[in-house]
Amino acid sequence: MNPNPQQEALEAVHLARELGCAIDRPLAKDDKESNFDREAWNRLFDSEFIHGFLPTEYGGKAWSTRTAVSALEAFGESCRDAGLCLGLSSFVWTILPPILSAASKSQARTWLSEIASKRLIVADGVSEPQAGSDVMALQTKAIRYKDGYLLSGHKSYIGFAPIADRILVFARIDGAEGPWGISTFYIPSDIPGIIRSPNRDKQGLRTLPMGNIEFQDCFVGEECRVGEEGVGLSLFNEAMQWERSFILATQVGAMKRQLDQCIEHARNREQFGKQIKDFQSVSNRIADMRVRLEQCRLMLQHCAQLKDQGENIALQSSIAKLTISEAQFASSLDAVRIHGAKGYLSEFEIERDLRNATGGLLYAGTSDIQRNLIAKLIGL
Amino acid sequence: MKPVTDIRGVVDKIVGTLAEADSNESIDHAENLFTVGYLDSVGAMQLVEELEKSFGTKIPAKDLVPRNFMSIEAMTVYFERRRKEIETNKP
């Protein structure tokens, strides 16, 4: 643990802000054309921002969870590319935890040093046509074969699928039933038997490609398995706690940027001879946006503090995901209302936040799923 | 880890509550809880949380594998082993 956490957080936020500003650019065209900015992705590594999330034994800076969350919030405030932000967050909260929890030291050293040096993109291969949050329903199979496994099955709605260099695959070992039958594999994306779809067009988060991955008797060696057979559900649940708590940290930063933009507009725009901030309907809406921002920040920091204390935060993570995603959606709709026609036109880059926020209601478990989990976890 | 004397009894009680087993029906300690359908994936998550609370110890994700958690018997053996490990490693 860093002996000076405040200094660590200050430096991390400064780095995040500088990097976010350097990467930031007008996005209307790339959003329309669904272009992923690989150059910006590479800069996450070249600037050693990514290293903040890695343990020191693997060449990282081992930021605390609180620092990591503050840094991501600052990055999301300064960089408007929500697709890039989500790609970065997915790496930090869904790819790193299973590797750090269950891979052997030797596997982790090899994989993480390669990711950092080659600036690799890793896709999280969980979702299937019939299995998302209900991971027990997944049907991709791993059949024992020679000194490894043959993977077969179909993954869908996978972020980075069309361009990933590596895939973290969750599959059921043939014959193993129930939750402990799921295992995890870290594999290259170009081995024989892997077929990937082109990018699938979507409403928001368009700068992050998404697609399907099909495995057709794809052979993977035993050395690709992360942890022992059957650990997959636990790795999924653990990653879900991280993901649900913090996947939207960058978007809390985006909410701050959005709020500032709305305040400026409300001060400058005049109607009926006065600034629109003097209409209470507008000022109340902006006050609500500020309240939501405060709630989201507090929730992020609360979850981060509990995680740093080693607590199990299954319940809090669902509450955080539900609260932040719904808050971002509500504030993004408010931002469009405040800006009027300007808010509705793509060229002003205001309506994009609303489209992106819709995605937040769905990934990492929909709001309905979060409510179900919360109800179950409080004993209903 | 808390000094729990009746590990099997604690595990039995937690599983019984989560599986909503009838009070007259006892779950066979060797029975695979998941293939029989007593618990689903959320149930597995709750089971881990309840066990951690009752035994006062965090269960590492790498330990959450079939051989340790598929039955009441397997969990009892796991926590007995873990208690011995913790006692052995005490300064």
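Analysis parameters
Residues numbered from 1 in each chain as written. Chains lettered and ligands numbered in written order. Predicted model: local features only at pLDDT ≥ 70, side-chain atom pairs only at ≥ 80, totals over all residues. Heavy atoms only, no water. Helix = DSSP H or I, 4+ residues; strand = E, 2+ residues; numbered from the N terminus. Rg over C-alpha atoms; globule rule 2.2 N^0.38 Å. Contact = heavy atoms within 4.5 Å. Areas by Shrake-Rupley, 256 points an atom, 1.4 Å probe, with all protein chains shown as cover. Buried < 20%, exposed > 50% of the residue type's maximum accessible area, 1.4 Å probe, protein only. Buried area = accessible area lost by both parts, 1.4 Å probe. Salt bridge = Lys/Arg side-chain N within 4 Å of Asp/Glu carboxyl O. Polar contact = N/O pair within 3.5 Å; in protein donor to acceptor, adjacent residues only side chain to side chain. Nonpolar A, V, L, I, M, F, W, Y, C, P; charged D, E, K, R; others polar. Expected span 1.5 Å × (residues − 1). Axes fitted to C-alpha atoms, helices over the stretch in contact; angles between N-to-C directions. Parallel < 35°, antiparallel > 145°, perpendicular 65-115°, else oblique. Left-handed = near helix turned anticlockwise from the far one by under 90°. Pairing = 2+ DSSP bridges.

**Student:** Mind laying out the overall build of chain A, listing which residues take part and the relevant values?
**Tutor:** If you tally the helices and strands in chain A, you get 13 helices and nine strands. Relative to the compact-globule value of 21 Å for 380 residues, chain A shows a C-alpha radius of gyration of 21 Å, a close match. Dimensions of chain A along its principal axes, counting C-alpha atoms only, are 80 × 50 × 45 Å. Once local pairs closer than 6 in sequence are excluded, the contacts in chain A between residues at least 24 apart make up 76%. Surface exposure of chain A reaches about 15900 Å², of which carbon and sulfur atoms provide 50%.

**Student:** Tell me about the overall build of chain B, and name the residues and values.
**Tutor:** The secondary structure content of chain B amounts to four helices and zero strands. Shown N-terminal to C-terminal, the secondary structure of chain B runs as helices and strands in the order α-α-α-α. For chain B, whose C-alpha radius of gyration is 13 Å, the value lies close to the compact-globule estimate of 12 Å for 91 residues. The principal-axis extents of the C-alpha atoms in chain B amount to approximately 45 × 25 × 20 Å. Buried positions account for 42% of the 91 residues belonging to chain B. Long-range contacts, defined here as pairs at least 24 residues apart, represent 58% of the contacts in chain B between residues at least 6 apart. Carbon and sulfur atoms provide 49% of the accessible area of chain B, an area that totals close to 4900 Å².

**Student:** Help me get a handle on the interface of chain A and chain B, residues and values and all.
**Tutor:** Opposite the 22 residues of chain A that make contact, chain B presents 19 residues. When the two sides are added together, the surface that chain A and chain B hide from each other amounts to roughly 1900 Å², 66% of it contributed by carbon and sulfur. Three residues, Trp180(A), Asn312(A) and Lys376(A), lead the burial of chain A against chain B; their summed loss comes to 33% of the area buried on that side. At the junction of chain A and chain B, the tally comes to one salt bridge. Across the contact surface, chain A and chain B share four residue pairs in polar contact (both at pLDDT 80 or more). For the side of chain A that touches chain B, the secondary-structure elements that each account for two or more residues are helix H7 (232-246) and helix H13 (367-377) of chain A. Its residues assigned to classes, the side of chain A that touches chain B comprises nine nonpolar, seven polar and six charged.

**Student:** I'd like a rundown of the pattern of salt bridges, residues and numbers included.
**Tutor:** All names here are of chain A. The final tally for this structure, using the stated rule, is 34 salt bridges over all chains. Salt-bridge contacts for Arg 355 lead to Asp 31; the nearest nitrogen and oxygen are separated by 2.8 Å. Of the two residues, Arg 355 sits in helix H12 (residues 351-360) while Asp 31 sits in helix H2 (residues 28-33), which places them 324 residues apart along the sequence. On the basis of relative accessibility, which here comes to 6%, the residue Asp 31 falls in the buried class. Here the salt bridges do not stand alone but share partners, grouping Arg 17, Glu 77, Lys 256 and Asp 260 into one network.

**Student:** Lay out helix H4 (residues 65-78) of chain A with the relevant residues and their values.
**Tutor:** All names here are of chain A. For H4, with 14 residues, the first-to-last C-alpha span of 20 Å sits near the 20 Å given by 1.5 Å per residue. Among the 14 residues that make up H4, 12 are buried, leaving the element largely enclosed by the rest of the structure. Of all the positions in H4, only Thr 65, Thr 67, Ala 68, Val 69, Ser 70, Ala 71, Leu 72, Glu 73, Ala 74, Phe 75, Gly 76 and Ser 78 are classed as buried. Contact partners of the buried residues in H4: helix H1 (5-23), helix H3 (38-46), helix H5 (82-102), H7, helix H8 (249-268) and helix H9 (280-308).

**Student:** I'd like a description of the side chain of Ser367(A), backed by residues and values.
**Tutor:** All names here are of chain A. The residue Ser 367 is located in helix H13 in this model. For Ser 367, the side chain forms a polar contact with the side chain of Glu 326, separated by 2.7 Å. Excluding residues that lie within four positions of it along the chain, Ser 367 makes contacts with Leu 322, Ser 325, Glu 326 and Leu 361.

**Student:** Describe in detail H5(A), supporting the description with residues and values.
**Tutor:** Residues that lie three or four places apart on an α-helix share one face, since the helix turns once every 3.6 residues. Residue and element names in this part refer to chain A. Its 21 residues place the ends of H5 30 Å apart at the C-alpha level, agreeing with the 30 Å of an ideal helix rising 1.5 Å per residue. Most of H5 is tucked away, with 18 of its 21 residues classed as buried. Of the residues that open H5, the one with a side-chain oxygen 3.2 Å from the backbone nitrogen of Gly 83 is Asp 81.

**Student:** I'd like a rundown of the packing of H8(A) against helix H10 (residues 314-339) of chain A, residues and numbers included.
**Tutor:** All names here are of chain A. Remark: H8 packs on H10, axes separated minimally by 10 Å, with the N-to-C direction vectors making an angle of 20°. The orientation of H8 relative to H10 falls into the category roughly parallel. For the crossing formed where H8 meets H10, the hand is left-handed. Facing H8, whose interface residues are Gln 251, Val 252, Met 255, Gln 258, Gln 261, Cys 262 and His 265, H10 presents Ile 324, Ala 327, Gln 328, Ser 331, Ser 332, Ala 335, Ile 338 and His 339.

**Student:** Lay out the pairing of strand S3 (residues 148-159) of chain A with the relevant residues and their values.
**Tutor:** Residues and elements named next belong to chain A. Where strand S2 (residues 141-145) meets S3, five bridges bridge the pair, whose relative direction is antiparallel. Opposite Ile 143, over in S3, you have Leu 150 as the bridge partner. Sheet analysis places S3 next to strand S7 (residues 210-221), joined by nine bridges and oriented antiparallel. Bridge pairing in S7 places Gly 148 opposite Gly 221.

**Student:** Outline the environment of Glu349(A), supporting the account with residue identities and numerical values.
**Tutor:** All names here are of chain A. For Glu 349, the location among the structural elements is in the loop between helix H11 (341-344) and H12. By relative accessible area, which is 12% here, Glu 349 ends up buried. Sequence separation of Glu 349 and Ala 28 is 321 residues, and the distance between their C-alpha atoms is 6.5 Å. With residues up to four places along the chain from it excluded, the contact list for Glu 349 reads Pro 26, Leu 27, Ala 28 and Arg 80. Reaching out from Glu 349, the side chain makes a polar contact with the backbone nitrogen of Leu 27 at a distance of 3.1 Å.

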